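# Examining the three-dimensional arrangement
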Amino acid sequence: GLNHLADLGYKRVLTLSLAGGQNKPWDCRGYNCQEYLQLLESTGMARDRELIRHTPYDYASIKLIIDEVFASQAPPEAIMCYSDFIAIHVYQALKERQLRIPDDVAVMGFCGYPGGRFLEPSLSTIDLEYEQIGKMAAEVILNPETWQKGCANPLTICTPHQLVQRQSTARKKV
């Protein structure tokens, strides 16, 4: 998702990650804070800690963050959402601030929720291909010799995913 936004030239990207429990360390999809800042930098994006926010999955918390970052002197050009479901709340919060997607700010989802195609504008996302993952899991379960104790090599499975580019991240034609 970040690579897609970077390829389109977005530099200031707000990341909305899902808040964990009180005793959980900072994490964004397996990256600690320092690693995530390095990831942003490696894609050519602003390495700005203020643009990385953790939020509970509720509209009021997401709206509060949107209001805060868009009241700043340097608002983001794009928003990378932890999931498509957070993106749905982002759409509503942006609409209430009268910000247009993608003209004023791009929005990128993550998970591949089928309903994302029906949002206005349709949501760009990383589709995690849950159906394919389910088939892969069933194949593993049906072949226990590949993962039961005593196997020489631990089982590693790379799950599929694909970019679904839609209107929410489109750049204006100049």
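Preceding this section is the structure that the text describes.
The structure presented is a predicted model; accordingly, all values stated were derived computationally and were not measured.

### Concerning the overall build of the protein chain
Along the backbone of the protein chain there are five helices and six strands. From first element to last, N terminus to C terminus, the protein chain shows the α and β order α-β-α-β-α-β-α-β-β-α-β. If you line up the protein chain on its principal axes, its C-alpha atoms span 60 × 35 × 30 Å. When burial is assessed residue by residue, the protein chain has 37% of its 174 residues classed as buried.

### A few points about a nonpolar patch on the surface
A contiguous nonpolar patch, built from L18, Y57, F85, I88 and Y113 and spanning about 410 Å² of accessible area, is present on the exposed surface. Relative to the assigned elements, F85 resides in helix α4 (residues 84–96). Its relative accessible area of 34% is what places F85 among the partly exposed residues.

### Let's talk about the environment of V164
On the secondary structure map, V164 appears in strand β6 (residues 162–164). Sequence-distant contacts of V164, that is, excluding residues within four places in its chain, are made with L123, S124, T125 and D127.

### Considering the sheet that holds strand β4 (residues 106–108)
The strand order β2-β1-β3-β4 describes an open sheet built from four strands, whose pairing is parallel. In this open sheet, the two edge strands, each paired with only one partner strand, are β2 (52–55) and β4. Between one strand and the next, the sheet's axes are offset by a mean angle of 20°, whatever the strand orientation. With three bridges connecting them, strand β3 (residues 78–81) and β4 associate as parallel partners. Bridged to I79 within β4 is V107. Along the sheet face, helix α3 (residues 59–70) touches β1 (13–18), β2 and β3 and points at about 160° away from the line of β2.

### Side note on the layout of surface pockets
The calculated volume of the largest pocket comes to roughly 320 Å³. Lining the largest pocket are 16 residues, and of these G1, L2, Y31, L39 and F110 sit closest to its centre. Put simply, the parts of the chain that give the lining of the largest pocket at least two residues each are α1 (2–7), β1, α2 (33–42) and β3. The dominant element in the lining of the largest pocket, judged by the number of residues it contributes, is β1, at three residues. By residue class, the composition of the lining of the largest pocket is ten nonpolar, five polar and one charged.

### Observations regarding the pattern of salt bridges
Applying the stated criterion across every chain yields a total of ten salt bridges. As a salt-bridge pair, R47 and E41 come within 3.2 Å of each other at their nearest N and O atoms. Residues R53 and E50 are paired through a salt bridge, measuring 3.6 Å at the closest nitrogen-oxygen approach. Shared partners join several salt bridges into a network, and the residues in it are K63, D67, E96 and R97.

### Comments concerning the packing of α3 against α4
When two helices pack together, their arrangement is given by the angle between the helix axes and by the axis-to-axis distance. At a minimum axis separation of 9 Å, α3 and α4 run at an interaxial angle of 50°. Taken together, α3 and α4 sit at an angle that is classed as oblique. The two elements α3 and α4 cross, and the hand of that crossing is right-handed. Counting all contacts with α3, which are made through Y59, I62, K63, I66 and F70, the residues of α4 involved are I86, H89, V90, Q92, A93, L94 and E96. Of the residues in the contact of α3 with α4, the class split is eight nonpolar, two polar and two charged.

What counts and what doesn't
Residues numbered from 1 in each chain as written. Predicted model: local features only at pLDDT ≥ 70, side-chain atom pairs only at ≥ 80, totals over all residues. Heavy atoms only, no water. Helix = DSSP H or I, 4+ residues; strand = E, 2+ residues; numbered from the N terminus. Buried < 20%, exposed > 50% of the residue type's maximum accessible area, 1.4 Å probe, protein only. Patch = residues over 30% accessible without salt bridge, like charges linked within 9 Å, V, L, I, M, F, W, Y side chains within 5 Å. Areas by Shrake-Rupley, 256 points an atom, 1.4 Å probe, with all protein chains shown as cover. Salt bridge = Lys/Arg side-chain N within 4 Å of Asp/Glu carboxyl O. Contact = heavy atoms within 4.5 Å. Pairing = 2+ DSSP bridges. Axes fitted to C-alpha atoms, helices over the stretch in contact; angles between N-to-C directions. 1 Å grid on protein atoms, 1.4 Å probe; cavity = no way out; pocket = protein on both sides within 12 Å on 5 of 7 lines; lining within 4 Å. Points joined across faces, edges and corners; volume = space filled by probe spheres on them. Nonpolar A, V, L, I, M, F, W, Y, C, P; charged D, E, K, R; others polar. Parallel < 35°, antiparallel > 145°, perpendicular 65-115°, else oblique. Left-handed = near helix turned anticlockwise from the far one by under 90°.

These results come straight from atomic positions and should not be treated as a statement about function.
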